[in-house]
Amino acid sequence: MITLYDLAGADPALRFSPYCWRTRFALAHKGMPVDTIPWRFTDTDAIAFSGQGRVPVIRDGGVVVSDSWAIAEYLEEQCPTPALFGGALGRAHARFINSWVDSVMVPGIATLIVRDLLDVVADKDKDYFRSSRESRFGRTLEEVQAGREQRVLAFRASLAPIRLVLRTQPWLGGAAPSYADHIVAGTLMWARCTSKFSVIDPQGSIVPWFERMLDLYGGLGRAARTV
Ligand SMILES: N[C@@H](CCC(=O)N[C@@H](CS)C(=O)NCC(=O)O)C(=O)O
């Protein structure tokens, strides 16, 4: 059984990391059972064995892997079917999706929900969360999140590549879901679980795909705790 260190809020059932969700979906896709351990930002000692300070981290027997992308590659190597990537070419394309999401979607969503995140993180994490994020943004969390009702429109426009792909195929992976779907849906789980603010257009064409993602793997995403 694989063990996953999974970012949790004050409520241990609230799991909200955009990167851990990619790993949760990928494990479910493979049908691999997982034991998740709730992890808080200040639990640095608990994952020191991985040689770095971020989650997701998995432990599979004696093997330790950190970083969601490295974990996906590891899972694919251990258990090639059902595929996450579909070969070297698919993996190369998924790497582009991963980089696009990390550099466009993650920062975009962060400015829309970062103050909401403060409300869900564990009490012991609140000072660290505020100070680390405020020094990253150079502004208070309240200032970063202000004006989101207007700013969200530009964020939604930035998701045009997803809308265009889903116009011609049911999944980002083509005829079946792949790790590309897990990357995008995992990132949307971050906002779904922590904020009542809708980062995607509720009437838009990404919604039907995300609803299908929530239903996959026995409704893993849909069953997730939300605020
Ligand atoms: N590139 C990494 C990013 C992982 C990451 O940033 N995880 C966040 C949680 S969403 C984290 O552990 N942050 C620790 C911190 O901010 O101190 C991946 O894909 O796994």
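Shown above is the structure to which this text applies.
Model, not experiment: these values are computed from the prediction.

**Digging into the overall build of the chain**
Working step 1: Counting its regular elements, the chain contains nine helices and four strands.
Working step 2: A compact globule built from 227 residues would reach a C-alpha radius of gyration of about 17 Å, and the chain, at 17 Å, matches this within 12%.
Working step 3: Projected onto the principal axes, the alpha-carbon positions of the chain cover approximately 45 × 45 × 30 Å.
Working step 4: Counting over 227 residues, the chain shows a buried share of 36%.

**Regarding the sheet that holds strand 4 (residues 63-66)**
Note on sheets: strands pair through backbone hydrogen bonds, and any given pair is parallel or antiparallel.
Working step 1: Read across the sheet, four strands follow the order 2-1-3-4 without closing on themselves; strand pairing throughout is mixed. Where the open sheet ends on each side, the last strands, each with one partner, are strand 2 (34-39) and strand 4. For this sheet, the mean inter-axis angle between neighbouring strands, taken without regard to orientation, is 20 degrees.
Working step 2: Bridge count for strand 1 (residues 2-7) against strand 2 is six bridges, and the pairing is parallel. Residue Asp6 lies in a different strand from strand 2, and its bridge partner there is Pro38.
Working step 3: Of the strands in this sheet, strand 1, strand 2 and strand 3 (57-60) touch helix 1 (residues 18-30), which is tilted by about 150 degrees from strand 1.

**Here's the deal with unusual backbone geometry**
Both trends apply: most residues other than glycine have a negative phi, and most peptide bonds are in trans.
Working step 1: In this structure, the amide linkage connecting Val55 to the following residue, Pro56, adopts the cis form with an omega of 10 degrees.
Working step 2: Along the chain, the position of Pro56 falls in the loop between strand 2 and strand 3.
Working step 3: Although it is not a glycine, Asp67 adopts a positive phi angle of roughly 85 degrees.
Working step 4: Its identity as a non-glycine residue notwithstanding, Tyr217 has a phi of 55 degrees, on the positive side.
Working step 5: Tracing the backbone shows Tyr217 in helix 9 (residues 206-219).

Rules and cut-offs
- Residues numbered from 1 in each chain as written.
- Predicted model: local features only at pLDDT ≥ 70, side-chain atom pairs only at ≥ 80, totals over all residues.
- Helix = DSSP H or I, 4+ residues; strand = E, 2+ residues; numbered from the N terminus.
- Rg over C-alpha atoms; globule rule 2.2 N^0.38 Å.
- Buried ≥ 20, exposed ≤ 12 C-beta atoms within 10 Å, placed from the backbone.
- Pairing = 2+ DSSP bridges.
- Axes fitted to C-alpha atoms, helices over the stretch in contact; angles between N-to-C directions.
- Contact = placed C-beta atoms within 7 Å.

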